[in-house]
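Below, each chain spelled out in residue letters.
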Amino acid sequence: MQLMTKLTLISLLSLPVIHDTQDTQIQIYFQGDLLSSYIPEELTFEGIDEPLLNPAVTEKITEEINKKVSVPPRDAYLDKNNNIKEHESGYKLHVRKFNQQLLGALFSKGTVRIEVPLQTLHPRVDSELLSNIRNRQIGHYVTYFNRNNNERSHNISLAANEINNKVVFPGELFSFNKTVGRRTKDKGYKKAPVIVRGELSEDIGGGICQVSSTLYNAVDLAGVEIVERYHHSKRVPYVPKGRDATVSWYGPDFIFRNTYDQPLLIRTHIYGGQISITIHSSEFINVKNRNVPPSAKHVPQGIKKSIY
């Protein structure tokens, strides 16, 4: 009988000590600032003697905290003078560690202070990678436009900026629509003439097909795999016949795949009435260039008179 009593006592002593949580307050801090405060009853299931975190509640809390503390990483990029701007790491809430801290706080008494644990987010493109792929040019194409057409020129500049400095890794697909995003008034795009079913009309984002067509010729010259490309329903004057790549948010896209074993870097430049797109990569890449006819080295008469 005495042996059973001793075993029972030992087993009870081995259990975690659960304090009265009525006076316990859990405070969440980030970099010295109080984000939120809870009492254990707000985080646990009701009617259970042993404190147990309610996943539905903690998931909502972690989402709210993550929105407040997360900072996305920034890729390294080249500025207008071809100088490397250093990458920056980002961070987000470390959910597993945070939940462990919450659980530990349930077995404490008084005010418990939790400093938000962070998880580092590394950029896709760091400065070292960029320095290795910026010098060797493997593709280049130039097209011309009427810079006096302010709306169309503005749209071309916006779309060109969206694809500038993009790095496409080996085996990766590049989608023009996904990279540039939806062309909307809120993003700064303006109404300009577009070709729809063989007819000219005006729509938000008119002119960006010249960017996608210039990119198509640049990467085609570089020898990548063209996965998806569509022609306009009417010939456009800024590229040779059959060398265009029409795009539309709800319609056709231009997609290519990097079939090389080295990353590709896209660079865009606008000089007055011309857009130049160059493709760069590592010195170790084994390029298989294709023959691509150049565009006219002047503003085509069609662009002067109209404006596709």
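That block above? That's the structure.
Residues numbered from 1 in each chain as written. Predicted model: local features only at pLDDT ≥ 70, side-chain atom pairs only at ≥ 80, totals over all residues. Heavy atoms only, no water.

A few points about the overall build of the chain
Scanning the chain for helices and strands turns up 8 helices and 16 strands. Here the chain holds 308 residues, and 43% of them are scored as buried. Sequence separation of 24 or more characterises 71% of the internal contacts of the chain that already satisfy a separation of 6 or more. Surface accessibility of the chain: about 17500 Å² in total, with carbon and sulfur atoms responsible for 49%. (Helix = DSSP H or I, 4+ residues; strand = E, 2+ residues; numbered from the N terminus. Buried < 20%, exposed > 50% of the residue type's maximum accessible area, 1.4 Å probe, protein only. Contact = heavy atoms within 4.5 Å. Areas by Shrake-Rupley, 256 points an atom, 1.4 Å probe, with all protein chains shown as cover.)

Some details on the side chain of Ser276
Checked against the element boundaries, Ser276 lands in strand E16 (residues 274-281). One polar contact links Ser276 to His140, side chain to side chain, over a distance of 3.0 Å. Once you skip the residues sitting within four places of it in the chain, Ser276 turns out to touch His140, Tyr141, Val142, Arg267, Thr268, His269 and Tyr271. (Polar contact = N/O pair within 3.5 Å; in protein donor to acceptor, adjacent residues only side chain to side chain.)

Re the sheet that holds strand E1 (residues 25-30)
Reading across from one edge, E2-E1-E6 is the order of the 3 strands in this open sheet, with mixed pairing throughout. Two strands in the sheet have a free side with no partner beyond their single neighbour: strand E2 (33-38) and strand E6 (111-115). For this sheet, the mean angle separating the axes of adjacent strands, direction not counted, is 25°. In terms of strand pairing, E1 meets E6 through 5 bridges, oriented parallel. Of the residues in E6, the one forming a bridge with Gln27 is Arg113. Together, E1 and E2 form the strand contacts of helix H2 (residues 55-69), whose direction differs from that of E2 by roughly 175°. With respect to the sheet, helix H3 (residues 95-106) is in contact with E1 and E6, its orientation differing from that of E6 by roughly 170°. (Pairing = 2+ DSSP bridges. Axes fitted to C-alpha atoms, helices over the stretch in contact; angles between N-to-C directions.)

With respect to a nonpolar patch on the surface
A cluster of nonpolar side chains, contributed by Phe45, Ile48 and Leu52, occupies part of the molecular surface with about 250 Å² of accessible area. Mapped onto the elements, Ile48 comes out in the loop between E2 and H2. Of the residues examined, Ile48 reaches a relative accessible area of 43% and is grouped as partly exposed. (Patch = residues over 30% accessible without salt bridge, like charges linked within 9 Å, V, L, I, M, F, W, Y side chains within 5 Å. Salt bridge = Lys/Arg side-chain N within 4 Å of Asp/Glu carboxyl O.)

Quick notes on helix H7 (residues 208-221)
For H7, which comprises 14 residues, the first-to-last C-alpha distance of 20 Å matches the rise-based estimate of 20 Å (1.5 Å per residue) to within 8%. Of all 14 residues making up H7, 13 are buried, and the element is well covered by its neighbours. Positive backbone phi, at 85°, marks Gly223, one or two positions downstream of H7. (Expected span 1.5 Å × (residues − 1).)

Details of the pairing of E1
Burial of E1 is extensive: 5 of the 6 residues sit out of reach of the surface. In the sheet, E1 pairs with E2 via 5 bridges, with the strands oriented antiparallel. Following the sheet pairing, Ile28 is matched in E2 by Ser36. The loop that links E1 with its antiparallel partner E2 comprises 2 residues; one of these, Gln31, has a positive phi angle of about 50°.

Points about the sheet that holds strand E10 (residues 173-175)
The 3 strands lie next to each other as E10-E14-E13, forming an open sheet whose pairing is antiparallel. Looking along the sheet, the strands with just one partner apiece sit at the ends: E10 and strand E13 (225-228). Here the strands of the sheet are splayed against their neighbours by 25° on average, with no regard to which way each runs. Relative to strand E14 (residues 255-257), E10 runs antiparallel, the two sharing 3 bridges. Each bridged residue has a counterpart across the sheet, and for Ser175 the counterpart in E14 is Ile255. Contacts from H7 reach E10, E13 and E14, with the element oriented near 145° to E13.

Structural notes on the packing of H2 against H3
Packing of H2 against H3 leaves a shortest axis separation of 11 Å and a crossing angle of 125°. Our classification of the angle between H2 and H3 gives oblique. As H2 packs across H3, the resulting crossing turns out to be right-handed. Here H2 contributes Thr58, Ile61, Thr62 and Ile65 to the contact with H3, which in turn contributes Val95, Phe98, Asn99 and Leu102. Looking at side-chain class alone, the contact of H2 with H3 contains 5 nonpolar, 3 polar and no charged residues. (Parallel < 35°, antiparallel > 145°, perpendicular 65-115°, else oblique. Left-handed = near helix turned anticlockwise from the far one by under 90°. Nonpolar A, V, L, I, M, F, W, Y, C, P; charged D, E, K, R; others polar.)

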